[in-house]
Amino acid sequence: MSSKKIIQVDEKVPANLLIPLSLQHTFAMFGASVLVPIIFGIDPSIVLLMNGVATLLFIWITKGKSPAYLGSSFAFIGPTSIIIANQGFEYAQGGFVVLGIIGCIMAFVIYRVGTKWIDVVLPPAAMGAVVALIGLELAHLTIQGGSIGANLMTDTATAQNFAVFFITLGTAVLGSVLFKGFLSTIPILIAIVVGYISAIAFGMVDFTPVMEASLFTMPHFQLAKFDMNAILTMLPVLLVLTSEHIGHQVVTSNVVGRDLIKDPGLHRSLFADYFASALSGLIGGVPTTTYGENIGVMAITRVYSVRVIAGAAIFSMVMSFFGPLAALISTIPGDVIGGVTFLLYGMIGTSGLRLLVEEKVDYSKSKNLILTSIVFVTGLSGLKVQFAGIQLSGMVLASVVGIILSLSFYLFDKAGWMNETD
């Protein structure tokens, strides 16, 4: 049995641990979260501010029972890019707001009808595979370059890129299994610091943005504008975000050892997610979603306290006003972030396999074998399907295929057509 202490969701964290544990979560989310506003050409500060606000709202709405950090959602990149090109970002914001409101209504419907339908729509044989895909489909991002991955699979990759990546990854791995006491709770933070120092030593860090950053910055606020075409372009993402949310809540439940779908309830967490997205979109930010990177940090450190997540949210809000701090974190090379996420995404993937084991999925039954197989292959094959103006692929397409198969098998079973009975 592991001797590493678990700090549960509702437990207090010693004061001397709170800041480093929270910073660990802030670093984990930063690269991916600021990439979204960079893609859209908007101010990252407003996104950092609203990520923090959204996370605090989420914790409050879920009664402090669901540890989750809300960062910028990648699910909206496709339709938002189309709207920006044709009408401007303000109209994309309007789509965010309307979609958020519809999501809140959907959360109320779930509150009235319950969650038993989840086992019909995505039974364990499908859900476990979907959860695993949340981490596995992101694996390529860790080495393909950019601000959230190492520069290993590009023509410009150098020995220094590989060195920093493996120094960071090695520190995270060894720290997770060898560190004891205080250090055992912050292996990811230590890995980032060690990786960053090594990058500085190799001359890979440019401090110019830090020197040029204004001490105090004000996030750029702007109100949403509404147009029916933009709203209709955005609506299909409702399925994407809901599937992603349910998957994250299931994997977080496995990590913390509590059924978060039942308590605080899917209706609360889903409402919080969509409400935060609507609020963010209303004043100039982007939609938010629970972040896999932060789930991975919890899985490794076994620290699940919502106080730590709240601390990370506060740090994000402070960074949105303090220019040099945000600029300093933005100088962390992708090779460092990639080394950390290489482990974090793998932990998420393993959590899906753990769900299959703990639910005792019987693979002597053809329907279970087929569900898991088809979901995995759909998610990892690179298959892409265009639907209502957005592209479905990876975990999202796998979820849709899993739902269709699961409902079909359920109806076949009710009709007595299945050649196997439970």
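Above this text you will find the structure in question.
Residues numbered from 1 in each chain as written. Predicted model: local features only at pLDDT ≥ 70, side-chain atom pairs only at ≥ 80, totals over all residues. Heavy atoms only, no water.

A. Quick look at the overall build of the protein chain. Along the backbone of the protein chain there are 18 helices and four strands. Against the globule reference of 22 Å for 422 residues, the protein chain gives a C-alpha radius of gyration of 21 Å, in line with a compact fold. The buried share of the protein chain, reckoned over its 422 residues, is 55%. Counted over contacts in the protein chain with a minimum sequence separation of 6, partners at least 24 positions apart contribute 83%. Carbon and sulfur atoms provide 67% of the accessible area of the protein chain, an area that totals close to 17800 Å². (Helix = DSSP H or I, 4+ residues; strand = E, 2+ residues; numbered from the N terminus. Rg over C-alpha atoms; globule rule 2.2 N^0.38 Å. Buried < 20%, exposed > 50% of the residue type's maximum accessible area, 1.4 Å probe, protein only. Contact = heavy atoms within 4.5 Å. Areas by Shrake-Rupley, 256 points an atom, 1.4 Å probe, with all protein chains shown as cover.)

B. The side chain of Ser-253, seen in detail. The topology assignment puts Ser-253 in helix H11 (residues 237-256). When its relative accessible area of 9% is taken as the criterion, Ser-253 is described as buried. Engagement of the side chain of Ser-253 in a polar contact is seen with the backbone nitrogen of Leu-260, the distance being 3.0 Å. If we skip the residues at most four places from it in the chain, Ser-253 touches Arg-258, Asp-259, Leu-260 and Ile-261. (Polar contact = N/O pair within 3.5 Å; in protein donor to acceptor, adjacent residues only side chain to side chain.)

C. Structural context of helix H14 (residues 306-321). Given a rise of 1.5 Å per residue, 16 residues ought to cover 22 Å, and the 23 Å separating the end C-alpha atoms of H14 matches this to within 8%. Buried within H14 are the following residues: Val-306, Val-308, Ile-309, Ala-310, Gly-311, Ala-312, Ala-313, Ser-316, Met-319 and Ser-320. Near the N-terminus of H14, the side chain that reaches the backbone nitrogen of Arg-307, with its oxygen 3.1 Å away, is that of Ser-305. (Expected span 1.5 Å × (residues − 1).)

D. Representation of the packing of aromatic side chains. Under the criterion given, the structure shown has eight aromatic pairs. Judged by centre distance (5.7 Å) and plane angle (10°), the ring pair of Phe-271 and Phe-275 falls under stacked. In this pair, Phe-271 and Phe-275 both sit in helix H12 (residues 261-283), four residues apart, roughly one turn of the helix. Residue Phe-271 is classed as partly exposed on the basis of its relative accessible area, which comes to 32%. On the accessibility criterion, Phe-275 (34% relative accessible area) is partly exposed. Pairwise contacts between aromatic rings join Phe-40, Phe-89 and Phe-96 into one cluster. (Phe/Tyr/Trp six-rings, centres within 6.5 Å; stacked < 30°, edge-to-face > 60°.)

E. Region of interest: the packing of helix H7 (residues 159-178) against helix H16 (residues 334-358). As a packed pair, H7 and H16 sit with axes 8 Å apart at the nearest point and diverge in direction by 40°. Taken together, the axes of H7 and H16 are oblique relative to one another. Relative to H16, H7 is oriented so that their crossing is right-handed. Residues Asn-161, Val-164, Phe-165, Thr-168, Leu-169, Ala-172, Val-173 and Ser-176 of H7 lie in contact with H16, whose contacting residues are Asp-335, Val-336, Gly-338, Gly-339, Val-340, Phe-342 and Leu-343. Looking at the contact of H7 with H16 residue by residue, the class counts come to nine nonpolar, five polar and one charged. (Axes fitted to C-alpha atoms, helices over the stretch in contact; angles between N-to-C directions. Parallel < 35°, antiparallel > 145°, perpendicular 65-115°, else oblique. Left-handed = near helix turned anticlockwise from the far one by under 90°. Nonpolar A, V, L, I, M, F, W, Y, C, P; charged D, E, K, R; others polar.)

F. Region of interest: unusual backbone geometry. Look at the link from Asp-263 to Pro-264: it is a cis peptide, with omega at 20°. Tracing the backbone through its elements, the reader meets Pro-264 in helix H12. In this structure, Lys-63 takes a positive phi of about 60° despite not being glycine. Of note, the phi angle at Lys-360 is positive, near 55°, even though the residue is not glycine. Note on placement: Lys-360 falls in the loop between H16 and helix H17 (366-380). Here Lys-360 falls in the exposed class, since its relative accessible area comes to 70%.

G. Representation of the layout of surface pockets. Taken as a whole, the second largest pocket encloses approximately 550 Å³ of empty space. Around the second largest pocket, the lining comprises 21 residues; the ones closest to its centre are Asp-119, Val-250, Asp-259, Ile-261 and Glu-359. Looking at the lining of the second largest pocket, the elements that each hand over two or more residues are helix H5 (117-121), helix H6 (124-136), H11, H12 and H16. The element that contributes the greatest number of residues to the lining of the second largest pocket is H11, accounting for four residues. (1 Å grid on protein atoms, 1.4 Å probe; cavity = no way out; pocket = protein on both sides within 12 Å on 5 of 7 lines; lining within 4 Å. Points joined across faces, edges and corners; volume = space filled by probe spheres on them.)

H. Up close: the environment of Ala-32. Within the secondary structure, Ala-32 sits in helix H1 (residues 15-40). On the basis of relative accessible area, Ala-32 is assigned to the buried category, the value being 4%.

I. Geometry of H12. Maximum bend of H12: about 45°, positioned at Arg-268. Just past H12, the residue Gly-284 takes up positive phi, approximately 120°. (Bend = angle between axes of the 7 residues up to and from the residue.)

J. Examining the pattern of salt bridges more closely. If you walk through the whole model with that rule in mind, you get three salt bridges. Two residues, Asp-10 and Arg-258, come together in a salt bridge whose shortest N-O distance is 3.4 Å. With Asp-10 in the segment before H1 and Arg-258 in the loop between H11 and H12, this residue pair connects regions lying 248 residues apart in the sequence. Linking Arg-354 and Glu-358 is a salt bridge whose minimum nitrogen-to-oxygen distance equals 2.9 Å. Note that Arg-354 and Glu-358 are positioned in helix H16 at a spacing of four residues, about one turn of the helix. You can call Arg-354 partly exposed: its relative accessible area is 36%. (Salt bridge = Lys/Arg side-chain N within 4 Å of Asp/Glu carboxyl O.)

K. Representation of the packing of H6 against helix H18 (residues 394-414) in the model. Their axes nearest at 10 Å, the elements H6 and H18 cross at an angle of 175°. Judged by the inter-axis angle, H6 sits roughly antiparallel to H18. Contacts from Ala-126, Val-130, Leu-133 and Ile-134 in H6 reach Met-395, Ala-398, Ser-399 and Ser-406 in H18. Taken together, the residues that form the contact of H6 with H18 break down as six nonpolar, two polar and no charged.

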